[in-house]
Amino acid sequence: MTQASTPKTRSMFLSHDITLSRKLFPQVRRVVIKIGTSIVTAEGGTFALSRLGSIAEQISALMKVGVEVILVSSGSVVKGTQVLSEQQTLSKTMRNVHHRDMPPLQARACAAAGQSGMMAFYDALFGQKGLYVSQVLISRNDLKRLRHTIDTLLSVGVIPIVNENDALSTRLEPTNMFKCNDELAGLIATETSAELVILLTDVGGVYTKHPDEHGSELVSVWHPNANVMIGAKSDVGRGGMQSKIDAAVKAVNAGVPAVVIASGYKPKIINAIMKGSIEGTLFVKNPDELHEVSPSHVAKEVRSASLSLRKSSPETRSNILRILAQKLEDQQTEIMAMNAEDLSAAEMEGLTGSLFNRLKLTENKLESVVAGIRHLADAPDPLGAVLSRKEISADLELVKETCPLGVLLIIFESRPDVLPQIASLAIKSGNGVILKGGKEALRSNVLLHSIVKEAIEEGSRADDHMSSSLVTLIKDRADVHAYLQLNHAIDLVIPRGSYKMVRTIQNSTRIPVLGHAEGVCHIYVHADASLERAISIVLDSKLDYPSACNAVETVLVHSAFLEAHGAVFVDALLAANITIHAEEVAAIRLKGLGKTYTPLCNDFHHEYSDIELTLCEVDSIDAAVAHINTHGSGHTDCIITGDADSSIATSFQDQVDSACVFHNASTRFADGYRFGLGAEVGISTNRIHARGPVGVDGLMTTKWRLTSNAKVGHTVGQFTSGASSYTHVDLPLNSLSKEQPLNSLSKEPVFACESEVSSSDTEALY
């Protein structure tokens, strides 16, 4: 068995002068973790193996980095009840008791029977992690003698597992009995100078009302005057939410710096709490000193600001953007200086490759951002655009028009130039936005965000100063998970970053996610394609920016084309230093031609993001379509044909199930700027709401306005009775300006993508 690391000094937070905020939790050196019966046991009284295994893994990790953990565990009575019930049944059968009811099982006997099994389980569980455990059974009279035992066990790396001695405790002697293990955990923390107590239960913390009720909100920080409704306690264990609140309040008033009530059902919950994430409900003695704002409150503020923005005039929104553009231009020197600090810090931390390149701001990048914002300011107003008008009946008109989505959460890696771009798109479209950039760009992002806030405040003076919380920047990565749980407050998440980041976000939230996790783009070269055209398009699709999501990754070539042009085509790829990964049939072809290739070692669904591609030989357009629909990512795919093969191309474009399907054009055209959208918040492979490059229109949804001009209004009963009848006549749109496309921008360069800037700036949008 391994011994835990020697703990550091634990007294820094025990002074009443220090309020222990979540951000300081990583510095905690002694913690009491209480797991309730609902966490320890599964249905039927058995141990919840996977849940307890995860908790044991997290506790072991803490112990091995010097954090002392005292575990208070419930569950012995429930486990003992299962054991004795089974034994009682067996005993009844063996003694052939003739249908006589057996006496009820006493809780003390169940506790005695369950304790040994529970400790044997914990011993095996932590033993796998190289740690010893020790059982500590106490009554209230033992508390004052507890400290020395706990300190000794922890000093040699043994985890104390504490529980009330339920085998001897009795409600006939209530003064010697704890109300519940929540109270016990708080008292142990007080007696052993623990800095933090974590009470794990079956709900996420303290809620304003039942967690499943509409409008229920998690209380992030407990205040004495908090307005909450406490429901009935669970069917297992002695405690309930009220007992947890009472125990937490009692503990912090007795000197424990902090208590957190959180869900033990949530994966890695202990890790998240100890890292300072906003999880559960935090109790401290002086909550007003925390100045901690919950993610839910932040989202509410952003929504409130977005509703004010909707009421503002188009001129106000455009004015904000013009002021923002001017401020970015005026403060270019300061922005570049902050970015230089980010670059220097990133270099020291070993950041390299595309992330480092994307972090770098240049004058060209900043100038293109400024030009894009000014152009967006002059673009048609996207709010309230009338999409259709219909006469439902005489004097009853239905109008469909555009409106903002609401509150957006945009998470992006590196790329500080994304911040003012996204902010301007949100302002133009009437949305509120919460931004989370990478830590590598923190200095740049903080400065850019402050400029955006100033522009909002100055540009909205005519509308009584719109709240700058309209565009909010969150700085701590640990908070992201909490925001991803706000499906009641955030309407859309847009991640812009690596495959791993996007997938993690998609798997961590119930909020709709717009974007793509990968870009496995294909080009199919048909039998009679022009050799010159095929070489030109494939090279551009791969080499223009190899790590972009719209770069080609797989080239499917018809057998007849390879028969006629294979040697020249492959030589062109090799001359461009492209590494060819050939599948089995293509490999035979290349070997016969004497060409260099690498056998395909990945599966077909692979994104190289480098000067590499997969080469496949197919014998028909149907085979090419089947391959793309099976192995593609639904991003962008292309067919190259001869001039006379438009019917083949049409068939390909009809059958390929991707957001963008091109004919005789590079996959690199899949971009908001190149599509004339002016800018994009990302590229979506979703099938609902928005697909492909997403500009301002992708941040809009629709609403229906039904208006009656009849003297007494309209009722459904009038139509049911036959007094009125439906006409359903399409009407012309009200306003010419509202008929224009949402992104009908001019042809001036806006938010320049990588091909519009110098070679050192080729990562402007990716």
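Right, let's walk through the structure included here. (Residues numbered from 1 in each chain as written. Predicted model: local features only at pLDDT ≥ 70, side-chain atom pairs only at ≥ 80, totals over all residues. Heavy atoms only, no water.)

## Looking at the overall build of the chain
So, point 1. Across its full length, the chain carries 24 helices and 24 strands.
So, point 2. Across the 766 residues in the chain, those meeting the buried criterion constitute 53%.
So, point 3. Contacts in the chain between residues at least 24 apart in sequence constitute 76% of all its contacts with a sequence separation of at least 6.
So, point 4. Entry remark: accessible area of the chain is about 33300 Å², with carbon and sulfur atoms responsible for 51%. (Helix = DSSP H or I, 4+ residues; strand = E, 2+ residues; numbered from the N terminus. Buried < 20%, exposed > 50% of the residue type's maximum accessible area, 1.4 Å probe, protein only. Contact = heavy atoms within 4.5 Å. Areas by Shrake-Rupley, 256 points an atom, 1.4 Å probe, with all protein chains shown as cover.)

## Quick notes on the sheet that holds strand β15 (residues 552-558)
To summarise the sheet geometry, strands pair through backbone hydrogen bonds and adopt either a parallel or an antiparallel arrangement.
So, point 1. Read from one edge of the open sheet, 7 strands run β17-β16-β18-β15-β14-β19-β20, paired in parallel fashion. On the outer flanks of this sheet lie β17 (598-599) and β20 (660-663), each paired with one strand and no other.
So, point 2. The sheet contact formed by strand β14 (residues 521-525) and strand β19 (residues 636-640) spans 4 bridges and is parallel. Bridge assignment links H522 to a residue of β19, and that residue is D637. (Pairing = 2+ DSSP bridges.)

## Re helix α10 (residues 314-330)
So, point 1. If you check α10, its first and last C-alpha atoms are 24 Å apart, about what 17 residues at 1.5 Å a residue would give, namely 24 Å.
So, point 2. Three or more residues of α10 are buried, namely T316, R317, S318, I320, L321, I323, L324, A325, K327 and L328.
So, point 3. Where α10 is buried, its residues touch α9 (295-311), α11 (332-348), α13 (363-378), α14 (418-429) and α15 (442-459). (Expected span 1.5 Å × (residues − 1).)

## Concerning the pairing of β15
So, point 1. Of all 7 residues in β15, 7 are buried; the element is thus mostly enclosed.
So, point 2. Bridge analysis of β14 against β15 gives 5 bridges, and the strand direction is parallel. Bridging from a neighbouring strand, H522 pairs with T554 of β15.
So, point 3. Once the chain exits β14 it traverses helix α18 (residues 531-543) before rejoining the sheet at β15, and the crossover so formed is right-handed. (Right-handed = clockwise from strand over helix to strand, strands pointing away.)

## Observations regarding the nonpolar core
So, point 1. With 75 residues, the main nonpolar core has I33, I35, I59 and Y122 as its most contacted residues.
So, point 2. Each residue touching Y122, except ones within four places of it in the same chain, is listed here: I35, V40, L52, L71, S73, G127, V133 and I161.
So, point 3. Within the second largest apolar cluster, 46 residues are counted, among which are L447, I451, M466 and I494. (Core = buried A, V, L, I, M, F, W, Y, C linked by side-chain atoms within 4.5 Å.)

## Details of the sheet that holds strand β3 (residues 132-138)
So, point 1. The 7 strands are arranged β3-β4-β2-β1-β5-β6-β7 in an open sheet whose pairing can be described as mixed. Of all the strands in the sheet, just β3 and β7 (281-283) have a single pairing partner and so form its edges. Adjacent strand axes in the sheet meet at a mean angle of 20 degrees, parallel and antiparallel pairs treated alike.
So, point 2. The pairing of strand β1 (residues 30-35) with strand β2 (residues 68-73) spans 6 bridges and is parallel. Paired with V32 across the bridge in β2 is I70.
So, point 3. Against the sheet, helix α5 (residues 146-155) contacts β1, β2, β3 and β4 (158-164), and its axis sits at roughly 150 degrees relative to β4.
So, point 4. Packing against the sheet, helix α7 (residues 241-253) makes contact with β1, β5 (196-201), β6 (258-263) and β7, and its axis sits at approximately 160 degrees to β6. (Axes fitted to C-alpha atoms, helices over the stretch in contact; angles between N-to-C directions.)

## Focus on the packing of aromatic side chains
So, point 1. Across all of its chains, the model carries 8 aromatic pairs by this definition.
So, point 2. With 5.4 Å between their ring centres and 25 degrees between their planes, W222 and F283 make a pair best called stacked. Of this pair, W222 sits in the loop between β5 and α7 while F283 sits in strand β7, and the two are 61 residues apart along the sequence. Each of the two residues, W222 as well as F283, counts as buried.
So, point 3. Ring geometry for Y524 against F652: centres 6.2 Å apart, planes inclined by 20 degrees, an arrangement best described as stacked. Separated by 128 residues along the polypeptide, Y524 in strand β14 and F652 in helix α22 (residues 646-655) bring together distant segments of the chain. (Phe/Tyr/Trp six-rings, centres within 6.5 Å; stacked < 30°, edge-to-face > 60°.)

## Brief notes about the pairing of β3
So, point 1. For β3 and β4, the ladder comprises 7 bridges, and the chain directions are parallel. By the bridge assignment, I138 is partnered in β4 with E164.

## Some remarks on the packing of α10 against α15
So, point 1. α15 packs onto α10 with a crossing angle of 140 degrees between their chain directions and a minimal axis gap of 8 Å. One element, α10, and the other, α15, form an angle in the oblique class. Every pair of crossing elements has a handedness; the one defined by α10 and α15 is right-handed. On α15, the residues that touch T316, N319, I320, I323, L324, K327 and L328 of α10 are L448, I451, V452, E454, A455, I456, E458 and G459. (Parallel < 35°, antiparallel > 145°, perpendicular 65-115°, else oblique. Left-handed = near helix turned anticlockwise from the far one by under 90°.)

## Considering a positive patch on the surface
So, point 1. Together, K275, K439, R477 and K500 line one region of the surface with positive charge.
So, point 2. Position of K439 among the secondary structure elements: in the loop between β11 (432-436) and α15. (Patch = residues over 30% accessible without salt bridge, like charges linked within 9 Å, V, L, I, M, F, W, Y side chains within 5 Å. Salt bridge = Lys/Arg side-chain N within 4 Å of Asp/Glu carboxyl O. Lys, Arg positive; Asp, Glu negative; His and termini not counted. Charge placed at Lys NZ, Arg CZ, Asp CG, Glu CD.)

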